[in-house]
Amino acid sequence: MCGIVGYVGPRSAQEVLVRGLRRLEYRGYDSAGVAVAHNGSVAVSKAEGKLDRLVARLEEAPLQGRSGIGHTRWATHGVPSDRNAHPHTDTTGDFVVVHNGIVENYRELRSELQDTGVRFRSETDTEVLAHLVAAVYDGDLKEAVRDAIARASGAFALVAMTCHEPGRIVAARMISPLVVGLGDGETFLASDMPAVLDYTRRFLIVEDGEIAVVTGDGATLETIEGEAVERSPFTAHWDSDSVQKSGFDHFMLKEIHEQPEVIARTLGGRLREHPGGGAETALDELSWVRGDPADVDKIWITACGTAYHAGVVGRTLFERLAAIPTEVAYAHELRYSNPLIREGSLALAISQSGETADTLAAARLARSEGSSLLALTNVVGSSLAREADDVLYTWAGPEISVASTKAYLAMLVGESLLAIWLGRARGVLDTGAERELAAELRALPGKAESILGDLDKPRRLAAELARAGSIYFIGRGLDYATAMEGALKLKEISYIHAEAMPAGELKHGTLALVTEGTPVVAVATQQDVQSKMLLGLQEVKARRATVIAVAYEDDDEIGLVADHVLRIPRTADVLSPILAAVPLQLLAYYTARRLGRDIDQPRNLAKSVTVE
Ligand code: M6R
C-alpha cells in the first residue's frame, strides 16, 4: 500500500526513481511524485493518477539531480489529487518526505502545528511529518526524523530529505516495510525489492523500529533508541526479468502462464525419493516439524483475500489428510473475536506479501495466546517471515499483478505438502497413500500446462460473461473454496458482481436471483459430492441459467447438465483446487480484457494492504 523509492548515487535520480515507481505501481496508483535535490534546493514534481501522468510532467520539466525520493500512492487520507500526492514539503520547501502507512494521531499533531502558525496544503496525514521534521531540525536530519517519529503513532515508513544535507536520505521503519539496495557507489531505498532489481540484488532489510541513513557509500542502521545495528546484506534470488511482462500483454497473464513452473519450484526439494520407490514429503527446512507433530492439537489459519481462500482449502487438507481440527478465519475478524487459541495449537498465517497489516496483527495475536506461528509466504525477509517461528516459502517469484494467481497456486502446493507431511507423521496416512499423493503432486506442473494449452474456450466464454450483471460461483467441499477464489478474481478485475456460495445453499435464497441466462459457474471436481452437485445443477438449469462447469476431462455426466465445460486433467480430489483455479483465472482475465479493464491495476485496489 503506497510505494516508496529513494536514490543517492551518480545516476540521474529522476530516472532511477521513475523506474522504481514503475515497479512499485502495483502498491497504489492514485498519484505519484518525486523530489530531487540539486544545487542547494529540492524540486518536487507530482501528479494525480497513474505514473504516466507524472512521467509526462517530467518530460516537460525534468528534474536534475543525483539524489531523490519518490512515491506512488494508494489514498487513505484525502482524495487522489495533485495536492494530496507525495512528496510533501514543509512550509519552506527545504524538507521533503514520502510516507507509506498511517499516522494515527495526525489530527492532534496537525492542530498543534496549526497553533504554531503552520498552514497545511493537503488533507493527508503525511504532511504533518514534513512540518514536524522541519520544526525539530537542528542540523541533523537523522535526529529530526527520530524526534518526529517519536511523536507520531501508527504503522508507517517514512523517508525524508533536506536541501541542507545533499546526498543524504534518512528513512525510518515503524512496521511498514523498507529495504536498502546496495550498489557500487550508489544506494537505493524501496518499499520492496522489485523496485530496484534493475540495479542491484544486494539488500539490507530495515527492521521495525530502525532508522537508516543512506548515502552514495551505503547505509548505516540504528534503532530508534540510537543503538547502532550491524546487519549483513543478502542477495535476492529474484532478478529483473521476473518483474517484466516478457511479451505478455499483462502481468496477470504472464503470472498465470508461469504457474506450471511455480508449482514445480514450490515442490522442489520438498519431495524426496523414498528408498522403497516413489517419493515422500520432506520439510526439513521447518524446525517446528522436527518437534512432535502429534502435539499439534489444533491449527488456526488466518489470512485475507486470496490467501484466505488458500486457507479454506488448507482447512480441509489438514483435517482430511492429518486429522487435525482446523479453523480458518479472516485476519481482520480473528483479531477482534477473542478466539479460543491455546498453547499447543499452531497458527498458520498465509500471505503472499507477508506485509498485510491485518494478517500480521492476527498472527501476533495468535502467538501471544500461546500458539506457535508458521508463515506461508512468498516474500523472503517479509515482516511475517521474520516474526514467525518457522517459514514455509512459496517460491512463486515476484507477483506484480494486483490479482493474485501464481501465489495462490503456490500456497495450495505448500499446504498440500504440509498436510501430507503431517498426515504421515501422525500416522493418518500410510506410506502408500503418501507416495500416491506425492506422485500426483509431481504430475501437477504438466497438468497445469495442459490447461494453459487451451485458451480458446475461456476466451469465448468471456464474451458471454462480459454481458452479465451478476455471476454466481458454486461448489461443494473443496470446490466451494475454488468457487470463492473464482468469484473474487472475476469481480476484482472485471468489476462484475460475482458471488460464491456452497452449491447446496443456492436454493435457500439466492436461487430467486437466477433467471434465464444468469451465468452460474459450477466447480464440480469432488467425487464424494458429485451426485449432489449434479442434482443442484439440474435445479439451476430448470431456471434456465447458463451453467459453465469446471470438471475433470473424463467426467461424462457433467456435460449433460452444463452448457459449457472447462476441462481439467484428473488428479486426486484433495489436489484438484490447484488445477481448477486455472480456468477460473483465465475466465476472469479474458472477461476483464473484453471489458477493457485495467487488469493489472484494478480501481481502488493495491497489491499489498499494509493498513488496517
Ligand atoms: O499479500 P497477501 O497475500 O497477504 O494479500 C492478501 C490479499 O490482499 C490479496 O490476496 C488480495 O485479495 C488479492 N488482490 C486477490 O487477488
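Structure: see above.
This one's a predicted model, so the numbers in the text were calculated from it and none came from an experiment.

### With respect to the overall build of the protein chain
1) Next: Helices and strands together make up the secondary structure of the protein chain, namely 18 helices and 27 strands.
2) Next: Taken over C-alpha atoms, the radius of gyration comes to 25 Å for the protein chain, in line with the 25 Å a tight globule of 612 residues would show.
3) Next: Taken along its principal axes, the extent of the C-alpha atoms in the protein chain is 75 × 55 × 45 Å.
4) Next: Burial status across the protein chain gives 62% buried among its 612 residues.
5) Next: By sequence separation, contacts in the protein chain at least 24 residues apart represent 71% of the contacts at least 6 residues apart.
6) Next: When the accessible surface of the protein chain is totalled, it reaches about 22400 Å², and 47% of it is carbon and sulfur.
7) Next: Positive and negative charge centroids in the protein chain, built from 63 and 85 side chains respectively, lie 4 Å apart.

### A closer look at the site of the ligand
1) Next: In the region of the ligand, 14 residues are neighbours, and S351, Q352, S353, T356 and E492 sit closest.
2) Next: Taking T356, its side chain carries an N or O atom lying 2.4 Å from an oxygen atom of the ligand.
3) Next: In isolation the ligand exposes 410 Å². Once the protein is present, 91% of that is buried.
4) Next: Applying the majority rule of atoms within 2 Å of the grid points places the ligand in the largest pocket.

### A closer look at the packing of aromatic side chains
1) Next: Throughout the structure, instances matching the rule amount to 7 aromatic pairs.
2) Next: Taking the ring centre of Y29 as reference, the NZ or CZ of K50 above it sits at 5.1 Å.
3) Next: The lysine or arginine in question, R603, covers the ring of Y495, its NZ or CZ lying 3.9 Å from the ring centre.

### A few points about the sheet that holds strand β24 (residues 497-502)
1) Next: The strand order β24-β23-β25-β26-β27 describes an open sheet built from 5 strands, whose pairing is parallel. The open sheet has two edge strands, β24 and β27 (564-568), and neither has a second partner. Within this sheet the neighbouring strands show an average axis-to-axis angle of 20°, counted without direction.
2) Next: Where strand β26 (residues 546-552) meets β27, 5 bridges bridge the pair, whose relative direction is parallel. Paired with A551 across the bridge in β27 is R567.
3) Next: Across the sheet, helix α15 (residues 478-494) lies against β23 (470-475), β24 and β25 (519-524), angled at about 175° from β24, the strand it touches most.
4) Next: Together, β23, β25, β26 and β27 form the strand contacts of helix α18 (residues 576-594), whose direction differs from that of β27 by roughly 135°.

### What about empty space enclosed by the protein?
1) Next: Evaluated as defined, the whole model comprises 3 cavities of 30 Å³ or more.
2) Next: Roughly 260 Å³ of volume is contained in the largest cavity.
3) Next: Lining the largest cavity are 25 residues, and of these R27, D192, S353, E355 and V379 lie nearest its centre.
4) Next: Its residues assigned to classes, the lining of the largest cavity comprises 12 nonpolar, 6 polar and 7 charged.

### What about the layout of surface pockets?
1) Next: Considered as a void within the structure, the largest pocket measures approximately 630 Å³ in volume.
2) Next: As for the largest pocket, its lining consists of 29 residues, and the residues nearest its centre are G305, T306, A606, K607 and V609.
3) Next: At the level of secondary structure, the elements contributing two or more residues to the lining of the largest pocket comprise α8 (305-322), β20 (345-351), α10 (357-368) and α15.
4) Next: Tallying contributions element by element places α15 first for the lining of the largest pocket, with 4 residues.
5) Next: Of the residues belonging to the lining of the largest pocket, the class tally is 12 nonpolar, 11 polar and 6 charged.

### Some thoughts on the side chain of T591
1) Next: As for its placement among the helices and strands, T591 is situated in helix α18.
2) Next: Residue class for T591 comes out buried when judged on its relative accessible area of 0%.
3) Next: Not counting chain neighbours up to four residues away, the residues in contact with T591 comprise A462, L465, A466, L490, S494 and I496.

### Section: the nonpolar core
1) Next: Formed by 89 residues in total, the largest nonpolar core has its most connected members in I299 and F473.
2) Next: Among the elements that take part in this core, α18 stands out by supplying 12 residues, more than any other.
3) Next: Setting aside residues up to four positions removed in sequence, F473 forms contacts with A483, G486, A487, L490, A498, E499, A500, M501, V521 and L584.
4) Next: Membership of the second largest hydrophobic core comes to 36 residues, among which are L17, V18, A47 and I400.

### What about the pairing of β26?
1) Next: Buried residues dominate β26, accounting for 7 of its 7 residues.
2) Next: As paired strands, β25 and β26 are joined by 6 bridges and run parallel to one another. Residue pairing for β26: V521 is matched across the bridge by I548.
3) Next: What joins β25 to β26 is helix α16 (residues 530-542), and the crossover it makes is right-handed.

### Quick word on helix α3 (residues 106-115)
1) Next: Looking only at α3, the buried set comprises Y106, L109, R110 and L113. Seen end-on, α3 carries its buried residues on one side only, within an arc spanning 100°. Exposed side chains of α3 directed beyond 90 degrees from the buried face belong to R107 and D115.
2) Next: Tucked into the core, α3 has its buried residues touching α4 (126-136) and α5 (141-151).
3) Next: G117 occupies a position one or two residues after α3 and carries a positive phi of about 100°.

What counts and how
- Residues numbered from 1 in each chain as written.
- Predicted model: local features only at pLDDT ≥ 70, side-chain atom pairs only at ≥ 80, totals over all residues.
- Heavy atoms only, no water.
- Helix = DSSP H or I, 4+ residues; strand = E, 2+ residues; numbered from the N terminus.
- Rg over C-alpha atoms; globule rule 2.2 N^0.38 Å.
- Buried < 20%, exposed > 50% of the residue type's maximum accessible area, 1.4 Å probe, protein only.
- Contact = heavy atoms within 4.5 Å.
- Areas by Shrake-Rupley, 256 points an atom, 1.4 Å probe, with all protein chains shown as cover.
- Lys, Arg positive; Asp, Glu negative; His and termini not counted.
- Charge placed at Lys NZ, Arg CZ, Asp CG, Glu CD.
- Near = heavy atom within 4 Å.
- Polar contact = N/O pair within 3.5 Å; in protein donor to acceptor, adjacent residues only side chain to side chain.
- 1 Å grid on protein atoms, 1.4 Å probe; cavity = no way out; pocket = protein on both sides within 12 Å on 5 of 7 lines; lining within 4 Å.
- Sits in = over half its atoms within 2 Å of the grid points.
- Phe/Tyr/Trp six-rings, centres within 6.5 Å; stacked < 30°, edge-to-face > 60°.
- Lys NZ or Arg CZ within 6 Å of the ring centre and 35° of its normal.
- Pairing = 2+ DSSP bridges.
- Axes fitted to C-alpha atoms, helices over the stretch in contact; angles between N-to-C directions.
- Points joined across faces, edges and corners; volume = space filled by probe spheres on them.
- Nonpolar A, V, L, I, M, F, W, Y, C, P; charged D, E, K, R; others polar.
- Core = buried A, V, L, I, M, F, W, Y, C linked by side-chain atoms within 4.5 Å.
- Right-handed = clockwise from strand over helix to strand, strands pointing away.
- Arc of directions from axis to C-beta.

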